[in-house]
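The residues making up each chain are set out below.
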Amino acid sequence: MTKDHLQPGFPVTRLRRMRRTPALREMLAETRLCVSQLIYPLFNVEGEGVKSEIPSMPGQYQLSTDNVLRECDELAELGIGSVLLFGIPAEKDEHGSGAFADDGIIQRSTREIKQRFPDICVVTDICLCEYTSHGHCGIIEDGGVGNDNTLELLTRTALSHAEAGADIVAPSDMMDGRVGAIRETLDSAGFEELPIMAYSAKYASAFYGPFREAAGSTPQFGDRKTYQMDPANSREAMREIALDIKEGADIIMVKPALSYLDIISQAKAEFNVPVAAYNVSGEYSMVKAAAANGWLDEKRVMMESLLSIRRAGADVIITYFAKDAARTLNR
Ligand code: PBG
């Protein structure tokens, strides 16, 4: 790739010349991070006036809708254009019916956000795990997580979010065939212009630990290894992504981000679609914990991590650091 024969050696070539001043370094930076590339996740709970900090995620909160709206105000001010909404219902059941209820938490919040902040891009998470009593992302059949019968509930969820005004729906359940099923349902209801951001290569990762505390979505039995991917696999990730694109995904996602930069990079090289990466809860909490101990420079580690995700090939980054990063970038 590099044409080394076109480049004289030392001492004619001195790469340090281009690192001499901040202005030179800034001008020649190969990768840039912009506030408009960040999506900020929000945990939305029932009630009013609720803002309770998530113990394992310092600086992140469970918020009732009134406080979600306050948050949107702040995001707009910072130039962050997108939010990813996770709903935590007051009650859970076997089928996760809160996920697709017309008056469910996300459906109501989406309506309110779009009414007050029409310019904010509302991305909604499509999954059942926050809504099921057993904490799995699908319905339980014969002691396992059923696939095909789960699809119907996911499509109902996506449609209800679309009707509420979501700008992007993001299925994160990892059932086979869900992107196609959601696309078909949306199209036949007149939502053919609504994009799908598919969590295509979502790994069965221990880095989701803090999120599950935040969302109360820890599986009550077993784990998610029969539907989320094995961290050992990269070829399989490319198959997952290819299938999702074929089924109609507009944006594909790799998740988590930092331990999977190779997957992001491969996805970017192989597919001509926008790539999103999810800088997940555990990745956030590790930095926070180390910084709280004075072991790392939080701001610098944050910016370096986000930049590395961009350098690997992500077009969009979902991150709990969005506000802090925006403050740094806006300076
Ligand atoms: C599932 C979902 C999870 C995350 C996003 N969507 C958790 C899981 O699969 O257990 C994790 C996000 C994070 O860790 O920040 N609906």
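Everything that follows concerns the structure shown earlier in this document.
**Q** What's the story with the overall build of the protein chain in this structure? I'm lost.
**A** A tally of regular secondary structure across the protein chain gives eleven helices and twelve strands. The globule rule puts the C-alpha radius of gyration for 331 residues at 20 Å, and the 21 Å found for the protein chain is close to it. Viewed in the frame of its principal axes, the protein chain has a C-alpha envelope of about 70 × 40 × 40 Å. The 331 residues of the protein chain split such that 53% are buried. The long-range share in the protein chain, meaning contacts at least 24 apart out of those at least 6 apart in sequence, stands at 74%. Element-wise, carbon and sulfur atoms account for 50% of the exposed surface of the protein chain, whose accessible area totals about 15,700 Å². Between the averaged position of the 35 positive side-chain charges in the protein chain and that of its 48 negative side-chain charges there is a distance of 12 Å.

**Q** Any chance you could explain empty space enclosed by the protein here in plain terms?
**A** Taking a probe equal in size to a water molecule and rolling it over the atoms shows the remaining empty space. Overall, the coordinates contain two cavities of 30 Å³ or more when judged by the stated rule. Considering only enclosed or pocket space, the largest cavity measures out at about 130 Å³ in volume. As for the largest cavity, its lining consists of 20 residues, of which C129, K202, Y208, F211 and K255 are closest to the centre. Secondary-structure elements contributing two or more residues to the lining of the largest cavity are β9 (197-202) and α6 (209-215). Considered class by class, the residues forming the lining of the largest cavity number ten nonpolar, four polar and six charged. Estimates place the volume of the second largest cavity at around 40 Å³. Contributing to the lining of the second largest cavity are Y40, P41, L42, F43, Q60, Y61, L63 and E71. Every element with two or more residues in the lining of the second largest cavity is listed here: β1 (38-45) and β3 (61-64).

**Q** How should the site of the ligand be read in this particular structure?
**A** Surveying the vicinity of the ligand reveals 18 residues, the closest of which are R212, Q228, K255, S281 and Y320. Within the side chain of R212, a nitrogen or oxygen atom sits 2.6 Å from an oxygen atom of the ligand. Contacts to the ligand include S281, whose side-chain N or O atom sits 2.7 Å from an oxygen atom. Most atoms of the ligand, that is more than half of them, are within 2 Å of grid points of the largest cavity.

**Q** Is there a simple way to think about the side chain of K323 in this case?
**A** Its location among the elements puts K323 in helix α11 (residues 322-330). By relative accessible area, which is 13% here, K323 ends up buried. Separated by 2.4 Å, the side chains of K323 and E71 make a polar contact. Within the structure, the side chain of K323 is placed 3.3 Å from the side chain of E74, a separation counted as a polar contact. If we skip the residues at most four places from it in the chain, K323 touches Y40, E71, E74, L75, L78 and I80.

**Q** I tried to follow the layout of surface pockets on my own but got confused; where do I start?
**A** Quantified by volume, the largest pocket comes out at close to 750 Å³. Taken together, 18 residues form the lining of the largest pocket, with R25, L28, A29, E30 and T31 sitting closest to its centre. At the level of secondary structure, the elements contributing two or more residues to the lining of the largest pocket comprise α1 (22-28), α10 (298-312) and α11. It is α1 that provides the largest number of residues to the lining of the largest pocket, a total of four residues. The space that makes up the second largest pocket amounts to roughly 160 Å³.

**Q** Can you walk me through the nonpolar core in this structure?
**A** As a rule of thumb, soluble globular proteins bury nonpolar side chains together. F43, I113, M197, I264 and Y278 are the most contacted members of the largest nonpolar core, which totals 102 residues. Looking at this core, the element that brings in the most residues is β1, giving six residues. Excluding its chain neighbours within four sequence positions, the residues that come into contact with I264 are V254, A257, V275, A277, I309, A312, G313 and A314.

**Q** Help me out: how do you make sense of the state of the cysteines in this one?
**A** Disulfides are covalent bonds that link the sulfur atoms of two cysteine residues. Per the stated rule, a full pass over the model turns up zero disulfides. The thiol sulfur of C121 is not disulfide-bonded, and the nearest other cysteine sulfur, from C72, lies at 11 Å. For the unlinked cysteine C127, the closest cysteine sulfur is that of C137, found at 3.6 Å.

**Q** Looking at this model, I keep getting lost on the packing of aromatic side chains. Mind explaining?
**A** Where two aromatic rings form a pair, the distance of their centres and the angle of their planes describe that pair. Within the structure shown, the criterion is met by nine aromatic pairs. When the ring of F86 is compared with that of F211, the centres are 4.9 Å apart and the planes differ by 80°; the resulting orientation is edge-to-face. Of the two residues, F86 sits in strand β4 (residues 82-88) while F211 sits in helix α6, which places them 125 residues apart along the sequence. For the ring pair Y284 and F321, a centre distance of 4.7 Å and an interplane angle of 55° mean the geometry is tilted.

About the cut-offs
Residues numbered from 1 in each chain as written. Predicted model: local features only at pLDDT ≥ 70, side-chain atom pairs only at ≥ 80, totals over all residues. Heavy atoms only, no water. Helix = DSSP H or I, 4+ residues; strand = E, 2+ residues; numbered from the N terminus. Rg over C-alpha atoms; globule rule 2.2 N^0.38 Å. Buried < 20%, exposed > 50% of the residue type's maximum accessible area, 1.4 Å probe, protein only. Contact = heavy atoms within 4.5 Å. Areas by Shrake-Rupley, 256 points an atom, 1.4 Å probe, with all protein chains shown as cover. Lys, Arg positive; Asp, Glu negative; His and termini not counted. Charge placed at Lys NZ, Arg CZ, Asp CG, Glu CD. 1 Å grid on protein atoms, 1.4 Å probe; cavity = no way out; pocket = protein on both sides within 12 Å on 5 of 7 lines; lining within 4 Å. Points joined across faces, edges and corners; volume = space filled by probe spheres on them. Nonpolar A, V, L, I, M, F, W, Y, C, P; charged D, E, K, R; others polar. Near = heavy atom within 4 Å. Polar contact = N/O pair within 3.5 Å; in protein donor to acceptor, adjacent residues only side chain to side chain. Sits in = over half its atoms within 2 Å of the grid points. Core = buried A, V, L, I, M, F, W, Y, C linked by side-chain atoms within 4.5 Å. Disulfide = S-S within 2.5 Å. Phe/Tyr/Trp six-rings, centres within 6.5 Å; stacked < 30°, edge-to-face > 60°.

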